[in-house]
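Chain residues, written in single-letter form:
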Amino acid sequence: MEFDFAAEQPKFLMLMYGLIAFVAVVGGLLLLLDVVPAWFARRREAQLVAASASGAPLPRRRKPREGMFALFFLLPTLLLLTIGLVAPAIRTTMLSFMDANSNDWIGLRNYGWMFSEDSIVRVLINTLVWVLLVPLVATSFGLLYAVMVDKARFESVAKSLIFLPMAISFVGASIIWKFVYAYRGDGQEQIGLLNQIVVSLGGEPKQWLLDSPLNTLLLIVIMVWIQAGFAMVVLSAAIKAIPADIVEAARLDGVTPWQMFWQITMPSIRPALIVVVVTLSIATLKVFDIVRTTTNGNYETSVIANEMYNQAFRYGQNGQGSALAVFLFILVIPIVIYQIRNIRQQREG
Amino acid sequence: MAFARSRQAFAIAGVLGLALSATACGTGDDKKSDTAAGSAECAAYEKYGDNDGKKVTIYSSIRDIEADRLAESWKQFEDCTGIEIDHEGSGEFEAQLNVRVDGGNAPDLAFIPQPGLLKRFVDSGKLKPVGADTKKMAEENYPADWLKYSTVNGQFYGAPLGSNVKSFVWYSPKTFKEKGWTVPTSWDELIKLSDQIAATGTKPWCAGIESGEATGWPATDWIEDLMLRTQTPEVYDQWTTHGIPFNDPKVAEALDKAGTILKNEKYVNGGFGGVKSIATTSFQEAGVPITTGKCALHRQASFYANQWPKGTKVAEDGDVFAFYFPAIDASKGKPVLGGGEFVAAFADRPEVQAVQTYLASGEYTNSRAKIGDWVSANNKLDLANVANPIDKLSVQILQDKSTVFRFDGSDLMPAAVGSGTFWKGMVQWINGKDTKTVLDGIEGSWK
Amino acid sequence: MTTATPTVAAGTQKTGGRGTSAAGRVRKRLNSRTATIVSIVIALVWTIPTFGLFISSVRPENEIKGSGWWTFFTNPSFTLENYQEVLFGRSSSSGQLASYFINSLAITIPSVLFPLAFASLAAYALAWINFRGRDWMYIAIFALQIVPLQMALVPLLKFFSTGVSIGGVTVMPAWDLVDEQKFAQVWFAHTCFALPFAVFLLHNFISQLPGELMESARVDGATHPKIFRSIVLPLITPALAAFGIFQFLWVWNDLLVALIFAGGGDETAPLTVRLAEMAGTRGNEWQRLTAGAFVSIVVPMIVFLSLQRFFVRGLLAGSVKG
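Residues numbered from 1 in each chain as written. Chains lettered and ligands numbered in written order. Predicted model: local features only at pLDDT ≥ 70, side-chain atom pairs only at ≥ 80, totals over all residues.

Student: Even after reading the chapter, I still don't get the overall build of chain B, so can you show me in this structure?
Tutor: A count of helical and extended segments in chain B gives 22 helices and 11 strands. The C-alpha atoms of chain B give a radius of gyration of 24 Å, which matches the 22 Å a tight globule of 447 residues would have. Counting only C-alpha atoms, chain B reaches 80 × 50 × 45 Å along its principal axes. With 447 residues in all, chain B has 54% of them scored as buried. Sequence-distant contacts, at least 24 apart, represent 74% of the contacts inside chain B between residues at least 6 apart. (Helix = DSSP H or I, 4+ residues; strand = E, 2+ residues; numbered from the N terminus. Rg over C-alpha atoms; globule rule 2.2 N^0.38 Å. Buried ≥ 20, exposed ≤ 12 C-beta atoms within 10 Å, placed from the backbone. Contact = placed C-beta atoms within 7 Å.)

This is how it looks when you write it as structure tokens:
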């Protein structure tokens, strides 16, 4: 186990190249944006001078090239998104109308399959349950906890503990919970915490992950366990940012804590609340590792992302896998519409 | 700096002709050195041609210690031919191989354990047929039974490599001796023994089919073993190629026969609970109760030898060992279920074919076997090089003339069935669904 | 405030230092001691699963499989063998855990910086530069969050391995990277995948900066790049830190992207790939995962705890408007 530090040098060199590239790209872009308009401005000035000297009509004063600025600001993002996400999304949509080997067009047959196969319908229902429950439970828990822990003793320690699962990968978290749900037969020594508790209360051990729909709920617990910390930290920060004078004024008006919560706290943290719910909804739609690691979708626990991966990569059913992916795009539409409304309101307000 | 210096030293040593142990220098890019190449040891490798300095990438599902052993097994080949073999193992092998191939980033060689998957790559035109040398070598060294699994439309796409025997029942020789039980040699004796053990209050069988994203596969092995025992090998072949429907009464018969053990509350699941606990018990720990006497019999492949707790002696007179899963009708021969991987090529450069040929050779087989814990159906394999008792037994079974070998059926079927609905169906079956519903469901998914 | 931990201090500074937030009021009206106790109990319950795993990681293999981790307290048998194996290992490559560690760092740092920079530029443009169709562009970028990573792997890999050609004309040749150069692919992939969320998050903060600030700067003749650098950037530093933490956690814990774009060798593979491999060919060494999980948690924990302060402030910046 000798460790040759020198052998690692190329990696650091590469990392350095990466950082240099970073500075070059970002710095270069900003510099360009600074220099180019200045150059244009000078040229315009020169034109103006020349024009006034020759007595020709003044060139029409154009509005500042806002659009061009925006383009430069957006350029790297748009480029990367086109290569990394837009192109794949288009490809996936096309594949969803093709057969397993992506050779022939078969119209909507993959979609027909999706809604006629009982097990897949089950997958769609499960996904719906996930996307309704996770944001709701995780956000409410996070909010409650944020309110409760606010200025309590050990606040930052407690918050760190709640946030801790965020630092664990989904796979790691699933392994942790597999231990919690582990089962040994009646009379055997239990190795799963949950069954140990049941047994010590005089109950019979249960195979938690076997019975639908309880098993889906238990998997959702894992996701909530991971994500509640995120909700809590964001909302707690928002709560702390509520200006003290508003609170003070309300207090002088003699509002009850209940009113305070609904009339002061909730409206003030609304933007943060939206961020949390939207982020959690999307993360939940894409949840994959948890189901894969714990049950791989057996016992009627599968969700779209897991089924999509199995179909496309394990079973070689590119068409069916892609159709499931497209269905994911469709599921996000309500959230998108909600965002559009938000933006409209924001622009008006 | 140290890196640069050692390379320099390496170069100087080469120039001065003092490359005493250049191969042991370990700078990471040992190329063929003149002394090594000229030595007697390397004479055997001359037939692989001159490919000095070339690189061949291999992708497989073999990881950790097993991967180290692989690297060790072809070390001499690398030293003598100058071909650098770059092996990468991944637990996500099947899915990742698809992604890499589709993404235009295929490895040169892949060790594919599923003939079904191999066929899919052939169908999409990605695999290259093997070269003439490899084909000749494979035909000399492997039984025809094995070669047909990697032959698609008359073209041969890769020689077998490692193998395993799945028709084993693990037991504890020590416990058997204490209790006066004897190893059964027929199905009836097996059932009689099970009843005898059950009468003592211990559940005789333990099983577990949970295996993360591959949950269900151990149960499919059970069914395949029973298919081979209740039906003829020809029916088995029809079944795996969809010549008969999956819900054929013959398959139902096999399933029900397996059910007489797996779904028998008196028999299972020793050390874990009732029948349903099979579904959530991980295959890794399923057999472990044998060591504590909570269970007596566990049907699992030869590679289960690696799963026993540390300090467990795996031998005929040890803590645990395995006996051949007996046939129901011994007059029809000795049906054996097994698996293995095939060396398939996505490139046909000479150095790739050289490696392919080498891996099919007797030299390689014995080189790998000497390192340990490995079995192959290669008939050049010298039993003396196989140290591990269970591996020895496997080789004996594989080389036995009366053996009727069949490949793991779920690996032969299309992946959507073989590692999809078949696995899932078995989980449901264990979980209480009846045979007919389960088989109808699997049949419905096979298009 | 006696509990002037960095977190709280950061919070109170912004609110004028009087330390009376709405929630604080609510809580005080409730029984403060009860709330404290309940919140601590919940925090502890939250930690039990992780704690159980930690205890498991110092127990011998046979005991992990045979009895519950809580029996450790009545029947302690302590071993560092799992850690020993994870860190120094039995396999030839595992002595080089440090090597994988460096890979993880080399992958993570640029994969956090690039999306941060690109997304904040884009978010600024989408929030404060007037151009046609910007709302639709923002919505489109937002919606891209849903594109499943898995479906993007093959096209992106093709992009690297065969390049781009339109109508037979090579627009971009194949990258043909070897060894550590493959890091570039991983950076590229992570940056692509991170951008929609990053733009969404940063846009949320940037768009809520007070408009008067921008207006007055424009009146003074400041250009967009100047406003971005001297006004926006300092104000959103905390938000950047917040996103930085998420992206860090995501990249550090990622397995799929690394597997595809970096490969599995010790030249490029990150810690996660190595840890996944350590379960052995047939998952027969899974007890090592318990120790492995903890080894991989250490760095994210340090990062989170040390940046927690910024993180909280970052989210405050979002509500400057009130």
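Student: Please clarify how the interface of chain C and chain A should be interpreted in this entry.
Tutor: Put simply, an interface is often sized by how much accessible area is lost when its parts join up. Between chain C and chain A, the residue contacts involve 110 residues of the former and 104 residues of the latter. Broken down by element, the residue count for the side of chain C that touches chain A peaks at 16 residues, all from helix α7 (residues 97-128) of chain C. Taken together, the residues of the side of chain C that touches chain A sort by class into 65 nonpolar, 36 polar and nine charged. (Nonpolar A, V, L, I, M, F, W, Y, C, P; charged D, E, K, R; others polar.)

Student: Can you help me understand the interface of chain A and chain B in this one?
Tutor: If you look at the interface, chain A gives 24 residues, while chain B gives 27 residues. When residues of the side of chain A that touches chain B are traced back to their parent elements, those giving at least two are α12 (289-294) and α13 (304-314) of chain A. Per-element accounting of the side of chain A that touches chain B gives the leading share, three residues, to α13 of chain A. Partitioning the side of chain A that touches chain B into residue classes produces eight nonpolar, 11 polar and five charged.

Student: Honestly, the packing of helix α6 (residues 170-181) of chain A against helix α3 (residues 32-57) of chain C in this entry has me stumped. Any pointers?
Tutor: Geometry of a packed helix pair, given as the angle between the helix axes and the separation of the axes. Where α6 of chain A contacts α3 of chain C, the axes come no closer than 9 Å and their chain directions differ by 90 degrees. Comparing the axis directions of α6 of chain A and α3 of chain C gives the class roughly perpendicular. Contacts from Ile176, Trp177, Phe179 and Val180 of chain A in α6 of chain A reach Pro49, Thr50, Gly52, Leu53 and Ser56 of chain C in α3 of chain C. A class-by-class count of the residues in the contact of α6 of chain A with α3 of chain C yields six nonpolar, three polar and no charged. (Axes fitted to C-alpha atoms, helices over the stretch in contact; angles between N-to-C directions. Parallel < 35°, antiparallel > 145°, perpendicular 65-115°, else oblique.)

Student: In this structure, what is going on with unusual backbone geometry? I would like to understand it.
Tutor: Both trends apply: most residues other than glycine have a negative phi, and most peptide bonds are in trans. Note that the residue after serine 212 of chain A, namely proline 213 of chain A, is joined by a cis bond; omega there is 0 degrees. Its location among the elements puts proline 213 of chain A in the loop between α7 (193-200) and α8 (214-240). With an omega dihedral of 10 degrees, the bond running from valine 268 of chain B to asparagine 269 of chain B counts as a cis peptide bond. The backbone phi angle of serine 102 of chain A is positive, close to 60 degrees, even though this residue is not glycine. Inspection of the secondary structure puts serine 102 of chain A in the loop between α2 (66-95) and α3 (109-116). For aspartate 373 of chain B, which is not a glycine, the phi torsion comes out positive at approximately 50 degrees. With respect to the helices, strands and loops of the structure, aspartate 373 of chain B is situated in the loop between α18 (362-371) and α19 (389-399).

Student: For this particular structure, what's the right way to read the domain arrangement of chain B?
Tutor: Residues and elements named next belong to chain B. Domains assigned within chain B are domain 1 (49-165 + 339-396) and domain 2 (168-338 + 401-445). The C-alpha centroid of domain 2 is placed 28 Å from the C-alpha centroid of domain 1. Between domain 1 and domain 2, the contact holds 19 residues from the first and 22 residues from the second. When its residues are assigned to classes, the side of domain 1 that touches domain 2 shows eight nonpolar, eight polar and three charged. (Domains from an automatic or database assignment.)

Student: What is the right way to look at helix α10 (residues 257-268) of chain A in this model?
Tutor: Residues spaced three or four apart along an α-helix face the same direction, because each turn holds 3.6 residues. All names here are of chain A. Here α10 is 12 residues long and its end C-alpha atoms lie 15 Å apart, about the 16 Å a rise of 1.5 Å per residue gives. Of all the positions in α10, only Met260, Ile264, Thr265 and Ser268 are classed as buried. Seen from one end, α10 has its buried residues packed into an arc of 85 degrees, which puts them on one side. Turned more than 90 degrees away from the buried face of α10, the exposed residues are Trp258, Trp262 and Pro267. (Expected span 1.5 Å × (residues − 1). Arc of directions from axis to C-beta.)

Student: Quick question: what am I supposed to make of the sheet that holds strand β7 (residues 168-171) of chain B here?
Tutor: Backbone hydrogen bonds hold the strands of a sheet together, and the pairing may be parallel or antiparallel. All names here are of chain B. Taken together, the three strands give an open sheet; going across it, the order is β8-β7-β9, and neighbouring strands pair in antiparallel fashion. Among the strands making up the open sheet, the edge pair consists of β8 (298-299) and β9 (321-324). In this structure, β7 lies alongside β9, joined through four bridges in antiparallel fashion. By the bridge assignment, phenylalanine 168 is partnered in β9 with tyrosine 324. (Pairing = 2+ DSSP bridges.)

Student: What's the story with the nonpolar core in this structure? I'm lost.
Tutor: Generally speaking, nonpolar side chains in soluble globular proteins are found buried as a group. Judged by nonpolar contacts, the single largest core of 315 residues is most densely connected at Leu235 of chain A, Ala344 of chain B together with Leu202 of chain C. Looking at this core, the element that brings in the most residues is α7 of chain C, giving 19 residues. With residues up to four places along the chain from it excluded, the contact list for leucine 202 of chain C reads Ala119, Ser120, Ala123, Ile236, Ala239 and Phe243 of chain C. (Core = buried A, V, L, I, M, F, W, Y, C linked by C-beta atoms within 7 Å.)

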